[in-house]
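Structure assessment
This is what each chain is made of:
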Amino acid sequence: MSEPATLEIISDNNISEDEVIFPPGDILSDEPPLESDLHREQIDLLIRILKLWWRDRQDFYASGNLTIYYSPNQKKSEYFRGPDFFVVLGTQKKDRKSWVVWQEDGKYPNLIVEILSSSTTAVDKGLKKQVYQDTFRTPDYFWFDPVTMELQGFHLVDGKYQEIQVTTDGRLWSQQLELYLGVYEGKLRFFTTENQLILSSEDLAEQERLRAEQAEERAQQAEQEIARLREALRIQGIDLENI
């Protein structure tokens, strides 16, 4: 969510800015706190669900509210953005402190999702969209408003973003993830090619809880039916223990 800015450099008469060397992988993210619980929960949900869905894959990186440094001069002090949610394909699955393009074989995100707010909407729909199109060349770009439920997506065609057409179910196709994005119970979620909701860990736990409850109910009903039959036979003078 950060905007390009020049960071303050502690001056030293014997060291110039160009001589400052940042160790590989040690450039920290520089993102401000998220604006609301809605934003934090939504970003966390997307990350957790995709990692769970792709748990057997080792060739992607998914994160959110993390700084992407992309200075052609390889300087931390210039050209950086912090997408709310992004996915990079064809890379090593490991934890990072930030995404530093020049330390990642020049790779930019394959997909970006921005979570809109009153203070970021204009930038997300304007300047950021332009940067993601012209500089990042990110194939899939989406934005979602957790208050109004506005969802819009774009796919890069011949270097320009073309709006992704909404399906009859109100979902948008991501060519990069090969999944649909859509709104479910007020949250942005992923759906399979068969339009099945991809479950979160909480969904799976709830599903398992319901299965256990149903199994217990069936067992109780079976016991009650057996007791009823035993009583019916007893009334008829039939003792099962003597059969």
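Our subject in this report is the structure included herewith.

Analysis parameters
- The numbering scheme is per chain: residues are counted from 1 as the chain's sequence reads.
- Only residues with pLDDT of at least 70 get local features here, since the model is predicted, and only at 80 or more are side-chain atom pairs given and counted; chain-wide, interface and lining totals rely on the full set of residues.
- No hydrogens and no water enter the side-chain calculation; it runs on all heavy atoms of the structure.
- Put simply, a nonpolar core is a bunch of buried Ala, Val, Leu, Ile, Met, Phe, Trp, Tyr and Cys residues held in one set by side-chain atoms that sit within 4.5 Å of each other.
- Burial classification: accessible surface area is computed with a 1.4 Å probe over protein chains only, and a residue below 20% of its type maximum counts as buried, one above 50% as exposed, and the rest as partly exposed.
- By definition, any uninterrupted DSSP run of H or I lasting at least four residues is a helix, any uninterrupted run of E lasting at least two residues is a strand, and each is numbered from the N terminus.
- Every residue pair with non-hydrogen atoms within 4.5 Å of one another is taken to be in contact.
- In a helix, the anticipated span is given by 1.5 Å times the number of residues less one.
- Only when DSSP finds a minimum of two bridges between them are two strands counted as paired.

A short note on the nonpolar core
- Leu50, Phe85, Val87, Val113 and Phe190 are the most contacted members of the largest nonpolar core, which has 26 residues in total.
- At the level of secondary structure, the elements contributing two or more residues to this core comprise α1 (37-53), β1 (60-63), β4 (85-89), β6 (111-115), β7 (140-144), β11 (179-184) and β12 (187-191).
- Considering each element in turn, this core owes the most residues, 6 residues, to α1.
- The contacts of phenylalanine 190, once residues within four sequence positions are left out, are Leu46, Ile49, Leu50, Phe85, Leu177, Leu179, Tyr180, Leu181, Gln196, Leu197 and Ile198.
- Formed by 18 residues, the second largest nonpolar core is a distinct cluster that contains Tyr61, Phe136, Trp143 and Tyr161.

Examining α1
- The first and last C-alpha atoms of α1 sit 24 Å apart over 17 residues, in line with the 24 Å expected at 1.5 Å per residue.
- Those residues of α1 that fall on the buried side of the exposure criterion are His39, Gln42, Ile43, Leu45, Leu46, Ile47, Ile49 and Leu50.
- Considering only its buried residues, α1 is in contact with β1, β4, β6, β7, β11 and β12.

Description of unusual backbone geometry
- Although it is not a glycine, glutamate 178 sits at a positive phi angle of roughly 55°.
- Looking at the secondary structure, you find glutamate 178 in the loop between β10 (172-174) and β11.
- Accessibility expressed as a relative area gives 54% for glutamate 178, which makes it exposed.
- Its identity is not glycine, yet asparagine 195 carries a phi of approximately 65°, on the positive side.
- Topologically, asparagine 195 is positioned in the loop between β12 and α4 (201-235).

With respect to the pairing of β11
- Summarising the sheet, β10 and β11 pair through 3 bridges and their orientation is antiparallel. If you follow serine 174 over to β11, its bridge partner there is leucine 179.
- Between β10 and the antiparallel strand that follows it, β11, lie 4 residues; glutamate 178 among them carries a positive phi value of about 55°.
- Looking at chain direction, β11 and β12 are connected through 5 bridges and run antiparallel. Bridge pairing links glycine 182 to arginine 189 in β12.
- What sits between the antiparallel neighbours β11 and β12 is a turn of 2 residues, in which glutamate 185 has the positive phi angle 50°.

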